[in-house]
Amino acid sequence: MTVVTCKNVSIRYITGDLKSIGLKEYVVRKLTGNYHVREFWADRDVSFKLNKGDMLGIIGSNGAGKSTLLKAISGIMMPISGEIKVKGKIAALLELASGFDEELTVKENVYLRGALLGYTHKFLDEKYDEIISFAELQDFEEYSFKQLSSGMKSRLAFSIACLVDPDILILDEVLSVGDGDFKKKSEAKMLSIISGGVTCILVSHSIDQVRELCNKVLWLDHGTQVTFSDETKKICDAYEEFLVTKKRPENMAEIEKMARDFRERNPEEEQSSKQKKK
Amino acid sequence: MGQTYIIGKYVYDRILLLMEKVLNRVKEYSFLFEQLVSRDFKRKYKRTVLGMLWSVLSPLLMLFVMRMIFINFFGSSTPHYTIYLFAGIIVMSFYREATKTGMTSLVQNTAIVTKINVPKYLFIFSRNVSAFVNFALTLGVFFVYCLVDRISFSPSFLMLIFPSITLTLMNIGIGMILSCLYIFFRDMTYLYDVFLTLLNYLSAVFYTIDRFAIGIQQLFLLNPVYAHIRYFRMIVIENAIPGIGYHGLLLLYALIFLAIGFYMYKRYNYQFIYYL
């Protein structure tokens with residue numbers, strides 16, 4: 001069953017002098033011809049389809065349009081053209097460490113954030129202790145949020161977010177947070193959610209993670225789609241080759257060739273030892 | 001006959017469907033809304049009784065000072081001048097607080113609005129709730145003062161519910177318009193402060209308008225804030241209920257600003273993200 005369909009999705013972004021500008025400044029700049037707005041396509045003609053239970057990894061270097069695409073799928077942005085169809089409840093976890101209220105206590109922030117993520121009051125009452133103990137913040141419940149360290153903040157953000165129970169989960173680099181034990185713990189938690197049959201879209205800078213977890217992969221480069229395929233391994237190989245050569249493949253044959261080049265230069269055993277080290 | 005029935009049934013079904021949609025939405029977001037309101041209260045009053053008291057005290061202080069100065073000019077010619085002034089101050093304060101805090105509500109929640117897909121108007125509504133509660137508190141003090149000033153309560157005081165509702169709706173609408181503008185132009189807060197000062201002088205808060213020609217007195221009603229202040233004064237001081245037309249005027253103001261607010265919000269909803 002198809003749950004996510006993106007058909008020729010194009011998203012345009014505008015930047016330039018328009019941000020944080022005042023009306024007076026706007027008028028002056030308009031009059032002197034100094035007002036410059038640049039439009040650019042963050043995504044152009046992106047198409048893919050996901051079935052229930054699919055794990056999609058989106059790869060591409062900075063500015064490829066990955067985060068913008070996620071925002072469009074989660075309904076925060078609107079594509080200029082094309083069509084996005086989503087069946088089921090979405091939970092989008094995008095850089096969730098921000099957006100807490102510094103003045104409120106930890107406890108109040110848990111309820112506020114929970115409400116923002118669509119949890120019910122009853123659910124939060126039940127899960128509150130679990131959230132606090134998972135974040136290891138038992139002694140800090142009545143502290144105001146600004147008194148926490150940044151590590152504590154991201155631990156709390158993760159602990160609230162990881163209770164989501166959506167049909168479609170969208171993750172932007174939030175597979176794990178913190179350091180040491182917590183990193184392991186959070187990664188295990190996220191993996192258990194992902195493997196619970198949820199359809200998942202994942203943006204990750206770690207190509208190994210995509211290799212390991214995803215059964216489909218979407219490669220974006222400067223807003224355009226290089227390829228969408230279910231041959232995760234081959235595409236990831238080609239992508240790693242691309243990171244070295246910086247030469248963008250134009251068709252499937254070139255991708256195949258790049259993947260072969262990559263494997264020649266990195267024989268399997270070296271690769272597996274690399275994975276072990278990690 | 002059959003056709004009218006079909007059309008009627010169709011309209012009826014559509015209305016039911018719409019109501020169901022609205023109800024579902026209210027239900028879906030009621031917990032979030034409750035949380036947002038409670039956050040605004042905590043931030044505003046800093047969890048102190050004094051904080052709550054202060055928000056009532058500040059219009060009272062204003063009343064005290066203005067009364068001291070202006071009673072010499074208008075006191076002898078205006079019956080119940082203190083109440084006259086008080087009515088102006090509470091309506092103006094409510095309008096000022098609701099629209100000013102509504103204006104900044106979206107920008108101050110940038111981190112949420114750009115990361116989580118929730119209806120943005122909830123942030124504006126929640127600011128309006130806390131401004132309304134403040135208004136209700138000062139209104140309580142106002143009624144106490146009415147007793148002190150030997151104004152007897154009559155059943156027509158219940159009519160004050162009407163302008164309170166239209167004023168609240170208008171505040172929401174204007175808050176939506178301003179919050180849009182503030183996203184695009186960050187000096188809107190300063191410009192709006194200037195506008196508020198002008199509006200304060202134009203709303204006959206401390207002076208009476210009977211020295212103007214009749215035509216100019218009518219022009220004052222073009223100012224929606226003055227129209228609301230006038231309603232309060234008519235009920236409390238003149239013990240008269242405004243006519244149907246007057247009610248229509250207040251309702252019209254509320255609906256016009258709400259419509260513009262919702263229109264701008266709908267139109268720019270997906271463009272905000274570029275500016276935040």
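Above this text sits the structure in question.
Chains are numbered independently. Their residues run from 1 in the order of the written sequence. The order in which chains are written sets their letters, starting at A; the order in which ligands are written sets their numbers, starting at 1. Residue-level local features of this predicted model are given only where pLDDT is at least 70; pairs of side-chain atoms are given and counted only at 80 or more, and the full residue set underlies all totals for whole chains, interfaces and linings. With hydrogens and water stripped out, all remaining heavy atoms of the structure feed into the side-chain values.

### A short note on the overall build of chain A
Helix and strand definitions here come from DSSP, where helices need a minimum of 4 consecutive H or I residues and strands a minimum of 2 consecutive E residues; each element is numbered from the N-terminal end. Looking only at helices and strands, one finds ten helices and nine strands in chain A. If one aligns the C-alpha atoms of chain A with their principal axes, the spans along those axes are about 65 × 60 × 35 Å. Residue burial in chain A is summarised as follows: out of 278 residues, 50% are buried. Here a residue-residue contact requires only that any non-hydrogen atoms of the pair lie within 4.5 Å. Intrachain contacts of chain A at a sequence separation of at least 6 include 68% that bridge at least 24 residues. Areas reported as accessible are Shrake-Rupley estimates using a 1.4 Å probe. Residue values count occlusion only from the protein chains shown. A total of about 13500 Å² of accessible surface is found on chain A, and carbon and sulfur atoms cover 49% of it. In this scheme, a residue with accessible area under 20% of its type's maximum is buried, one over 50% is exposed, and one in between is partly exposed, where area comes from a 1.4 Å probe on protein chains only.

### A few points about the overall build of chain B
Each helix and strand counted, chain B has eleven helices and zero strands in total. Element order for chain B, N to C, with α for helix and β for strand: α-α-α-α-α-α-α-α-α-α-α. The principal-axis extent of the C-alpha atoms belonging to chain B is close to 60 × 55 × 35 Å. By residue count, 49% of the 276 residues in chain B fall in the buried class.

### Observations regarding the pairing of strand β3 (residues 55-59) of chain A
Residue and element names in this part refer to chain A. Burial analysis of β3 places five of its five residues in the buried class, which makes it a mostly covered element. In β3, alternate side chains face the same way, and those of Met55, Gly57 and Ile59 on one face and Leu56 and Ile58 on the other are all buried. In this structure, β3 lies alongside strand β7 (residues 199-203), joined through four bridges in parallel fashion. Looking at the pairing, isoleucine 58 lines up with valine 203 of β7. The sheet contact formed by β3 and strand β8 (residues 216-221) spans four bridges and is parallel. Bridge pairing in β8 links isoleucine 59 to tryptophan 219. If DSSP finds at least two bridges between two strands, the strands pair.

### Let's talk about the interface of chain A and chain B
Put simply, an interface is often sized by how much accessible area is lost when its parts join up. Across the contact, 38 residues belong to chain A and 28 residues belong to chain B. Computed with a 1.4 Å rolling probe, the buried area is the accessible surface lost when two parts are put together, summed over both parts. When the buried surface of chain A facing chain B is broken down by residue, Leu23, Ile76 and Leu116 of chain A rank first, second and third, together holding 20% of it. Salt bridges are defined by distance alone: a side-chain nitrogen of Lys or Arg within 4 Å of a carboxyl oxygen of Asp or Glu. Where chain A meets chain B, there are three salt bridges. For arginine 43 of chain B, the salt bridge goes to aspartate 101 of chain A, with nearest N and O atoms at 2.8 Å. In the analysis that follows, any N or O atom pair within 3.5 Å is treated as a polar contact, provided that within protein one partner can donate a hydrogen and the other can accept it, and provided that, for residues neighboring in sequence, both atoms belong to side chains. Applying the counting criterion to the chain A and chain B interface returns eight residue pairs in polar contact (both at pLDDT 80 or more). Of all the secondary-structure elements, those providing two or more residues to the side of chain A that touches chain B are β1 (2-16), α1 (23-31), β5 (90-94), α3 (106-116) and α4 (121-135) of chain A. The element best represented in the side of chain A that touches chain B is α3 of chain A, accounting for six residues. Here the term charged refers only to Asp, Glu, Lys and Arg, the term nonpolar to Ala, Val, Leu, Ile, Met, Phe, Trp, Tyr, Cys and Pro, and the term polar to all other amino acids, Gly among them. Residue classes in the side of chain A that touches chain B are distributed as 20 nonpolar, nine polar and nine charged.

### Observations regarding the layout of surface pockets
All names here are of chain B. With a 1 Å grid laid over protein atoms only, a set of points is called a cavity when a 1.4 Å probe fits there but cannot get out and a pocket when it is open yet has protein on both sides within 12 Å along at least five of seven lines; lining residues have an atom within 4 Å of a point. Grid points are joined across faces, edges and corners, and a volume is the space filled by probe spheres set on the points. Its volume calculated, the second largest pocket comes out at about 740 Å³. Listed by contribution, the elements that provide at least two residues to the lining of the second largest pocket are α1 (2-45), α2 (49-74), α3 (81-108), α4 (110-113) and α5 (121-148). The biggest single contributor to the lining of the second largest pocket is α3, with eight residues. Here the residues of the lining of the second largest pocket are counted per class, giving ten nonpolar, twelve polar and ten charged.

### Examining the environment of asparagine 8 of chain A
Residue and element names in this part refer to chain A. Checked against the element boundaries, asparagine 8 lands in strand β1. For the pair asparagine 8 and proline 79, spaced 71 residues apart in sequence, the C-alpha to C-alpha distance is 9.6 Å. Once residues within four sequence positions are removed from consideration, asparagine 8 is found in contact with Asp45, Val46, Ser47, Ser81 and Gly82.

### Structural notes on the packing of aromatic side chains
Here a pair means two rings of Phe, Tyr or Trp (six-membered ring of Trp) with centres within 6.5 Å. Their orientation is stacked below 30 degrees between planes, edge-to-face above 60, and tilted elsewhere. On inspection of all chains with the given rule, the structure shows 45 aromatic pairs over all chains. Between phenylalanine 134 of chain A and phenylalanine 158 of chain A, the ring centres sit 6.3 Å apart and the planes meet at 20°, which makes this aromatic pair stacked. Taken as a pair, phenylalanine 134 of chain A in helix α4 and phenylalanine 158 of chain A in helix α5 (residues 150-161) lie far apart in primary sequence, 24 residues in all. Centre to centre, the rings of phenylalanine 70 of chain B and phenylalanine 206 of chain B are 4.2 Å apart; their planes meet at 10°, and the pair counts as stacked. A residue pair is termed long-range when its members are at least 10 positions apart, and phenylalanine 70 of chain B in helix α2 and phenylalanine 206 of chain B in the loop between α7 (188-202) and α8 (214-219) qualify at 136 residues. As far as burial versus exposure is concerned, phenylalanine 70 of chain B and phenylalanine 206 of chain B are alike and both buried. A network of ring pairs unites the aromatic residues Phe70, Phe73, Phe74, Tyr81, Tyr84, Tyr201, Phe206, Tyr207, Phe212, Phe220 and Tyr226 of chain B as a single cluster.

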